[in-house]
Amino acid sequence: MKYRFCLLILIASSLFPFEFETDIEGETSEEMIELLESLLENPVDVNTATKKNLLSIPFITEEIADDIIRARETRGGFTDKDSFRKLIPLIIYERIESFVVVIPPKVVSKKPSIYPRVRVRTRVENRYPRDDRAAGSALGLYNRILIDYGQFSGCILQEKDEGERDFVDFLAFGVKAKNVGHLEDIIVGYYGLDFGERLVLASPVLTFKGSPYQMRRKGIHLYTITGENTYKRGIALKTKKFGLFDISLFYSNASLDARSSDSVYYTYSADHTTSTWEDIKDRVKEIIYGGHIDISGEYGTIGATYYHASDYDSSEKRSYSPASVNFSIPGGRVTFFGEIAYSRDFAAVCGVKSRGNKFMWDVVLRYLPRSFFSPHSSPFSDRRISSYGLLNDKGIYTCLLFKPFPKTELTIYGDHMDWEDDELPGRGYEYRIILDRRITKGFDLGVRYRYKCKDDDYARFARVEMDVSAIKWIGLRLRTEWAKENDTLSGELVFGDVYIHPLNTLSINYRHIIFDSDLTRFKFTEYERELPGVMGNRFITGHGRRNYLLVRYRPFKFLQFSVKYEETFKKSSKLSGQVDLNLAKIKN
């Protein structure tokens, strides 16, 4: 019997906080998880939040953020959550309630602490069975320290994947200062960039199908995730707004992994576990410089991005200069947005989103031809960006979420896409219907149906899910799913979750899954939403069962331990396990 064992970290969340399901295994957005965890721990005070703070909250559009700021200026601030709730659509408020707080304007804040705020996250992993090709230790190690002190903040990040030789395989650090002279932000060290609809510059992130379209325009930010080929290293700054304008400038000089056969085409996978991977580590030096300008006013925002990049290795040089124009134009309950870019060819992502009291509706068109070259982009797409920086997807996505009846939500989405593989055209489409109904307090029922087709292959998925939490300290979820592929292959999946919270400081989760699947091109997905970002989205195929146990204990307000054991049995009798250790929310 084979097994694996891991130590790692996680910040606790509620019983079943979030579920992001994609068709890409392991591609949970670490960046989005960081945002959600941070918002849960530190909700945004809507009486003092800037527009940038408000836009960090999921589902808050620029128009809604502007309405919040205008309303609080007119009223002198919100007195409680009820006064805030009446301002925004109900369907949005229900989704952001955990992320916001209303501190009445007359309440005097505590005197700021003279000590810094420190958050520590630690993860150690040890996997079995070992990969015989791995050159280094089976031990994996991850450490991250975030420090906030007044107008300054910093991040130190270290990671070693299992099988890598160097215990400091990846080391990143950065310092950020706010409100320095005419600068709103300045970062020295490792940082990330997000502009427009992410067509030319963005950190890797997914917009999850089956939910309204979300893209965060974050500008410049400290690099706090472990992607070893997605950072910028150097200096970045953003000016304070003068008139209608604000400007961001950046310079980066970084070393990136590159494939040996295509030396200047770097890869996003950075597991240096074999001799082949060691040969490509930091093979390419990349120099980037550029900027972004925003012009914003009463009628919306228009921005422009440009950068020049040069990649060098011992035998080849590659240069490219992407440029784009982005826009966001509000109009009543409707916002028009988009970005048009050029880099060897034109590409575009444009759409419209509408928000009402009981509905959200989005339509997004994407034109991402194979000839468009943008290795630092991460736009909404059905297909992954390749290691060559090429996108290959043209389509239209629409999602409607509304409340037809009290305590009932219905989500309908469709996605049509075209692409080109080896100069041969391909076509696909996907439809999904999701019905969630609260039967009574502590009893929720969900039904989902999905149909997906790519070329001549197609599959149908049907799911029924039930959540029961009638008693405060215990909860239960049951889910069963059926699938049919090309009318010849079939699959079934059944799982149950049990959650026990006997003490304020202790919680226990257990999940048991039974799966029996012959699917080949299409697979079941099982997202461990109690542990977002830790093990990601899992494809499930074959015949077997899977278990995991999670125990979380917080002996002090500033310290939390998480222990997890996970195992998967198939015909090959594979067994794996994982244990988490977490230190979080250290405050002085």
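Since the model is a prediction, treat every value here as computed from it, not as a measurement.

Novice: Whenever I open this one, the overall build of the chain confuses me. Can you help?
Specialist: Along its length, the chain carries six helices and 30 strands. For the chain, the residues scored as buried account for 52% of the 588 residues in total. A separation threshold of at least 6 residues defines the contact pool for the chain, and within that pool the share at least 24 residues apart is 57%. Taken as a whole, the chain presents about 27000 Å² of accessible surface, with 59% of it coming from carbon and sulfur.

Novice: Explanation requested: the pairing of strand β15 (residues 323-331) in the structure shown.
Specialist: In the case of a regular strand, side chains alternate between the two sheet surfaces. As defined by bridge partners, strand β13 (residues 300-312) adjoins β15 across six bridges and the pair is classed as antiparallel. By the bridge assignment, A304 is partnered in β15 with V325. Sheet topology places β15 next to strand β16 (residues 334-342); nine bridges connect them, and they run antiparallel. Paired with I329 across the strands is F336, a residue of β16. The hairpin turn running from β15 into β16, its antiparallel successor, is two residues long, and G332 in that turn takes a positive phi close to 65 degrees.

Novice: When you look at helix α3 (residues 62-75) in this model, what are you seeing that I'm missing?
Specialist: Helical periodicity: at 3.6 residues per turn, an α-helix aligns residues three or four positions apart in one direction. The end-to-end C-alpha separation of α3 is 20 Å, in line with the 20 Å expected for 14 residues at 1.5 Å each. Among all positions of α3, only E62, E63, I64, A65, I68, I69, A71 and R72 are buried. Where α3 is buried, its residues contact α2 (51-55), α4 (81-85), α5 (90-96), β13, β15 and β16.

Novice: Would you mind showing me how to read the pattern of salt bridges here?
Specialist: Any two side chains of opposite charge can pair, on the condition that their charged atoms come close. Overall, the coordinates contain 25 salt bridges when judged by the stated rule. Across the pair K176 and D185 runs a salt bridge whose closest N-O atoms are separated by 3.9 Å. Assigned by exposure class, K176 and D185 land together as buried. Through salt bridges that share partners, E465, D467, R477, D497 and R511 make up one connected network.

Novice: How should I be thinking about the environment of R70 in this particular structure?
Specialist: Secondary-structure assignment places R70 in helix α3. Residue class for R70 comes out partly exposed when judged on its relative accessible area of 48%. One polar contact links R70 to D67, side chain to side chain, over a distance of 2.5 Å.

Novice: Just to check I follow, could you spell out the nonpolar core for this structure?
Specialist: What tends to happen in soluble globular proteins is that the nonpolar side chains get buried as a cluster. L193, L199, L201, F250 and Y307 are the most contacted members of the largest nonpolar core, which totals 28 residues. Among the secondary structure elements, those contributing two or more residues to this core are β8 (183-194), β9 (219-222), β13, β16, β17 (346-355), β18 (359-368) and β19 (393-402). Element by element, the count of residues in this core is highest for β8, at three residues. Apart from residues lying up to four places away in sequence, L199 is in contact with E339, A341, A347, A348, V349, L368, F372, S374, S377 and P379. L54, I68, I69 and M360 belong to the second-largest nonpolar core, a separate cluster that totals 26 residues.

Novice: I would appreciate a short explanation of the packing of aromatic side chains in the present structure.
Specialist: Each aromatic ring pair is described using two quantities: the centre-to-centre distance and the angle formed by the ring planes. Summed over the entire model, instances satisfying the criterion amount to 16 aromatic pairs. Note on F170 and Y231: the rings are 5.8 Å apart at their centroids and 40 degrees apart in plane angle, and the pair reads as tilted. One end of the pair, F170, is in strand β7 (residues 170-180); the other, Y231, is in the loop between β9 and β10 (232-239), and 61 residues separate them in sequence. For the pair F170 and Y231, one class covers both residues: buried. One residue, K353, lies across the ring of F337, its end atom 5.0 Å from the ring centre.

Rules used in this analysis
Residues numbered from 1 in each chain as written. Predicted model: local features only at pLDDT ≥ 70, side-chain atom pairs only at ≥ 80, totals over all residues. Heavy atoms only, no water. Helix = DSSP H or I, 4+ residues; strand = E, 2+ residues; numbered from the N terminus. Buried < 20%, exposed > 50% of the residue type's maximum accessible area, 1.4 Å probe, protein only. Contact = heavy atoms within 4.5 Å. Areas by Shrake-Rupley, 256 points an atom, 1.4 Å probe, with all protein chains shown as cover. Pairing = 2+ DSSP bridges. Expected span 1.5 Å × (residues − 1). Salt bridge = Lys/Arg side-chain N within 4 Å of Asp/Glu carboxyl O. Polar contact = N/O pair within 3.5 Å; in protein donor to acceptor, adjacent residues only side chain to side chain. Core = buried A, V, L, I, M, F, W, Y, C linked by side-chain atoms within 4.5 Å. Phe/Tyr/Trp six-rings, centres within 6.5 Å; stacked < 30°, edge-to-face > 60°. Lys NZ or Arg CZ within 6 Å of the ring centre and 35° of its normal.

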